[in-house]
Amino acid sequence: MNQATANQQKKINNIVIVGGGTAGWMTAATLAKVLGKNYCDIRLIESDQIGTVSVGEATIPQISLFNKILGIDENDFVKKTQATFKLGIEFVDWTKKGGGYMHPFGDHGTAMDAIQFHHYWLKMHQQGKSPDLEQYSLAAVAARQGKFMRPQNMGNSPLSQINYAFHFDATLYADYLRDFAVERGVIRSEGKVIDVSLRDSDGFIDSLLLESGERVAGDLFIDCTGFKALLIEGAMKTGFIDWSDVLPCDTAVAMPCKAKETDVLYPFTQAKAQKSGWIWRIPLQHRVGNGYVYPSKFVSDEEAVNILTAQMEGEPIGKPNFLRWTTGVRKKSWNKNCVAIGLSAGFVEPLESTGLHLIQSSIAKLMSLFPHQGFDQTDIDTYNAQTKTDLEYIRDFIVLHYKATDRDDSEFWRYCQNMKVSDRLQAKMDLYQKNGRIFRQDNELFNETSWLAVMHGQGLNPQGYHPLVDILSEEEIARRLEHIYSVIQKSVDTMPMQKDFIAKYCKA
Ligand SMILES: Cc1cc2nc3c(=O)[nH]c(=O)nc-3n(C[C@H](O)[C@H](O)[C@H](O)COP(=O)(O)OP(=O)(O)OC[C@H]3O[C@@H](n4cnc5c(N)ncnc54)[C@H](O)[C@@H]3O)c2cc1C
């Protein structure tokens, strides 16, 4: 047999995706768009009986790249998903009750003479001679004033670097992607998978049995069955690494509510710390998404509903939706001919809105390592190693919010303060606390700006700053900082309110 014929025989002819939540439809939409109609058959099986988690409404700016790959018209997408724009996350009561800070998208200030901006700011701040870090971030200043616009083509102005994401209705988003995928040839089947057959010879998935009695065969199976992990764990027993020792919240109750009549639509997610866990607030065009993430060890479901409803700004819509998980990652998210994408691959709580991004990055890795000519173990190992590392970095970043705190008003916070975190996170915190140094490692998702916002926001105070800062005189540093500060304030003055921006371009 010549090589071409051998490769043809190994070619993937049938891709079967199980699960029609956000993960399933994001995957189906991308495969349909990238592979086109003629490369292979793509079928997605979902079960109305089981339903989806119906959460996952706040995103990070990387989602724009996903939209670009699909060629989505952004205004159309915002209208159809009742979306709003997001410039960052406000953290309230995390360091101490009454405190708050913004983790904005985009830089603080601008690097000077190759030294990161924040070192200059640190020098002045340590002497009480400069406003808070937030004032040097266009995203943070605009977010707090309820302002939004897309980046402008304006050279060096901070208005050319506006970085944004979206809040949207998760159910409408899945519907939107479903229509997109089905139009491009994905076959959608309603049905419940009740059995998974593995090949005796090598343990690969051979076929799935639906409740209707139909048997579905395939070459590549994508497990998007959410926390159930029906294929990767249920059938293949791949194994799971548990991280609940550093992220003890294991339950959430989600309950949207009606929005309060107000003139200001703030473009940020809010995460408000509680005695145990935290509450999210996600403003959409037609309602507000709310949820309480809590440790079941310290809070009962009944208490959780009471705590959440007491803090909701409007009348609840629908019944409380409880979600339970074990924090951690699948030992291998690609095992033989099965790739787990979404909650089936692993989960760290939604504090930094990373769930949908992880789906997007899994799809990107799958496309880069796509098994065009059969399954190659080196490709699979590369995929698994990268997926695990990506999630470990995100875990550390989220753990930082719990570890670096002065709160000790409950057993929960005392546990978090004293828990042992990964050596890598501890080293990052130690490095920052000495001289304010921050480095992004291994292309991790969160960059120096994000680490700075959260380390500073959570109350870590460096003893010093980069020594090369002292090359400039204090007067010169003060002059430059004042200039950056005033450019940002003036730039924000020219921005429209988010409410007006949406009314003009993308009202649902
Ligand atoms: C509390 C919470 C809040 C979150 N907030 C955010 C956020 O703000 N931002 C963010 O980016 N991410 C967030 N996430 C993560 C995000 O919700 C998920 O990553 C995303 O919704 C993907 O879910 P999924 O598609 O993997 O699973 P699901 O939505 O659970 O979908 C699973 C699918 O599998 C199907 N299925 C299951 N079993 C079978 C079967 N036997 N036969 C046929 N079909 C089956 C179901 O019908 C369903 O269609 C949050 C997650 C949680 C738990």
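Residues numbered from 1 in each chain as written. Predicted model: local features only at pLDDT ≥ 70, side-chain atom pairs only at ≥ 80, totals over all residues. Heavy atoms only, no water.

*Asks:* Can you break down the overall build of the protein chain residue by residue, with the values?
*Replies:* Assigned secondary structure in the protein chain consists of 16 helices and 21 strands. Against the compact-globule benchmark of 23 Å for 508 residues, the protein chain has a radius of gyration of 24 Å, which places it among compact chains. Taken over the C-alpha atoms alone, the protein chain extends approximately 75 × 55 × 50 Å along its principal axes. In the protein chain, buried positions account for 56% of the 508 residues. Sequence separation of at least 24 residues holds for 77% of the intrachain contacts in the protein chain that already meet a minimum separation of 6. Of the roughly 21,600 Å² of accessible surface on the protein chain, 48% is carried by carbon and sulfur atoms. Distance between charge centroids for the protein chain: 1 Å, based on 55 positive and 61 negative side chains. (Helix = DSSP H or I, 4+ residues; strand = E, 2+ residues; numbered from the N terminus. Rg over C-alpha atoms; globule rule 2.2 N^0.38 Å. Buried < 20%, exposed > 50% of the residue type's maximum accessible area, 1.4 Å probe, protein only. Contact = heavy atoms within 4.5 Å. Areas by Shrake-Rupley, 256 points an atom, 1.4 Å probe, with all protein chains shown as cover. Lys, Arg positive; Asp, Glu negative; His and termini not counted. Charge placed at Lys NZ, Arg CZ, Asp CG, Glu CD.)

*Asks:* I'd love a proper account of the domain arrangement of the protein chain, names of residues and values included.
*Replies:* Domain parsing of the protein chain yields domain 1 (3–55 + 169–240 + 327–375) and domain 2 (84–164 + 251–324 + 403–500). The interface is formed by 12 residues belonging to domain 1 together with 19 residues belonging to domain 2. Taken over both partners, the interface formed by domain 1 and domain 2 buries close to 1,200 Å², and the fraction arising from carbon and sulfur atoms is 67%. A per-residue breakdown of the area domain 1 buries against domain 2 is headed by Asp169, Leu351 and Glu352, which together make up 45% of the total. Here domain 1 and domain 2 share one salt bridge between them. (Domains from an automatic or database assignment. Buried area = accessible area lost by both parts, 1.4 Å probe. Salt bridge = Lys/Arg side-chain N within 4 Å of Asp/Glu carboxyl O.)

*Asks:* Give a detailed account of the sheet that holds strand 8 (residues 193–198), specifying residues and quantitative values.
*Replies:* Paired through their backbone hydrogen bonds, the strands of a sheet run either parallel or antiparallel. One open sheet holds the three strands; their spatial order is 8-9-10, and the pairing between them is antiparallel. A strand with exactly one partner marks an edge of an open sheet, and here the two such strands are strand 8 and strand 10 (215–217). With direction set aside, neighbouring strand axes in the sheet form an average angle of 25°. (Pairing = 2+ DSSP bridges. Axes fitted to C-alpha atoms, helices over the stretch in contact; angles between N-to-C directions.)

*Asks:* Provide a residue-level description of empty space enclosed by the protein, including the pertinent values.
*Replies:* For the structure on display, the rule yields three cavities of 30 Å³ or more. In this structure, the largest cavity is lined by Tyr101, Met102, His108, Asp132, Leu133, Glu134, Ala453, His456 and Gly457. The set of elements that each furnish at least two residues to the lining of the largest cavity consists of strand 5 (100–104) and helix 14 (448–457). Sort the elements by how many residues they give to the lining of the largest cavity and helix 14 lands first, with three residues. (1 Å grid on protein atoms, 1.4 Å probe; cavity = no way out; pocket = protein on both sides within 12 Å on 5 of 7 lines; lining within 4 Å. Points joined across faces, edges and corners; volume = space filled by probe spheres on them.)

*Asks:* Now, about the packing of helix 13 (residues 423–435) against helix 14: what can you tell me, with residues and values included?
*Replies:* Running from amino to carboxyl end, helix 13 crosses helix 14 at an angle of 75°, the nearest separation of the two axes being 11 Å. What the angle tells us is that helix 13 and helix 14 run roughly perpendicular. From helix 13, Leu425, Lys428, Met429 and Tyr432 reach across to helix 14, where they touch Trp451, Leu452, Met455 and His456. Grouping the constituent residues of the contact of helix 13 with helix 14 by class yields six nonpolar, one polar and one charged. (Parallel < 35°, antiparallel > 145°, perpendicular 65-115°, else oblique. Nonpolar A, V, L, I, M, F, W, Y, C, P; charged D, E, K, R; others polar.)

*Asks:* Can you tell me about the pattern of salt bridges, naming the residues and giving the values?
*Replies:* Applying the stated criterion across every chain yields a total of 30 salt bridges. Its salt-bridge partner being Glu315, residue Lys258 comes within 3.8 Å of it at the nearest N-O pair. Here Lys258 is found in the loop between strand 13 (251–254) and strand 14 (269–273), whereas its partner Glu315 is found in the loop between helix 9 (301–310) and strand 17 (321–324), with 57 residues between them in sequence. On the accessibility criterion, Lys258 (45% relative accessible area) is partly exposed. A salt bridge links Arg479 to Glu476; the shortest N-O distance between them is 2.9 Å. Taken together, the residues span about one helical turn, with Arg479 and Glu476 both in helix 15 (residues 474–493) at a distance of three residues. Judged by relative accessible area, which is 51%, Arg479 ranks as exposed. By sharing partners, the salt bridges in this structure join Lys388, Glu392, Arg395, Asp396 and Arg424 into a single network.

*Asks:* Summarise the packing of aromatic side chains; cite the residues concerned and give the values.
*Replies:* Tallied over the entire structure, the rule returns 34 aromatic pairs. Between Phe85 and Phe148 the ring centres are 4.2 Å apart and the planes differ by 10°, which places this aromatic pair in the stacked class. With Phe85 in strand 3 (residues 84–86) and Phe148 in the loop between helix 6 (138–145) and strand 6 (165–167), the pair connects residues that are 63 residues apart, well separated along the chain. In this structure Phe148 comes out as buried when scored by relative accessible area, which is 0%. Ring centres of Trp278 and Trp280 lie 6.2 Å apart, and the angle between their planes is 55°; this geometry places the pair in the tilted category. The two residues Trp278 and Trp280 agree in class, both being buried. In textbook terms, an aromatic cluster arises when at least three aromatic residues are bridged by ring pairs, as seen for Phe77, Phe85, Phe148, Tyr164, Phe166, Phe168, Tyr173, Tyr176, Phe501 and Tyr505. Geometry around Phe180 places Arg184 over its ring, the cationic atom sitting 3.6 Å from the centre. When the ring centre of Trp243 is taken as origin, the NZ or CZ atom of Arg395, which lies over that ring, is 4.5 Å away. (Phe/Tyr/Trp six-rings, centres within 6.5 Å; stacked < 30°, edge-to-face > 60°. Lys NZ or Arg CZ within 6 Å of the ring centre and 35° of its normal.)

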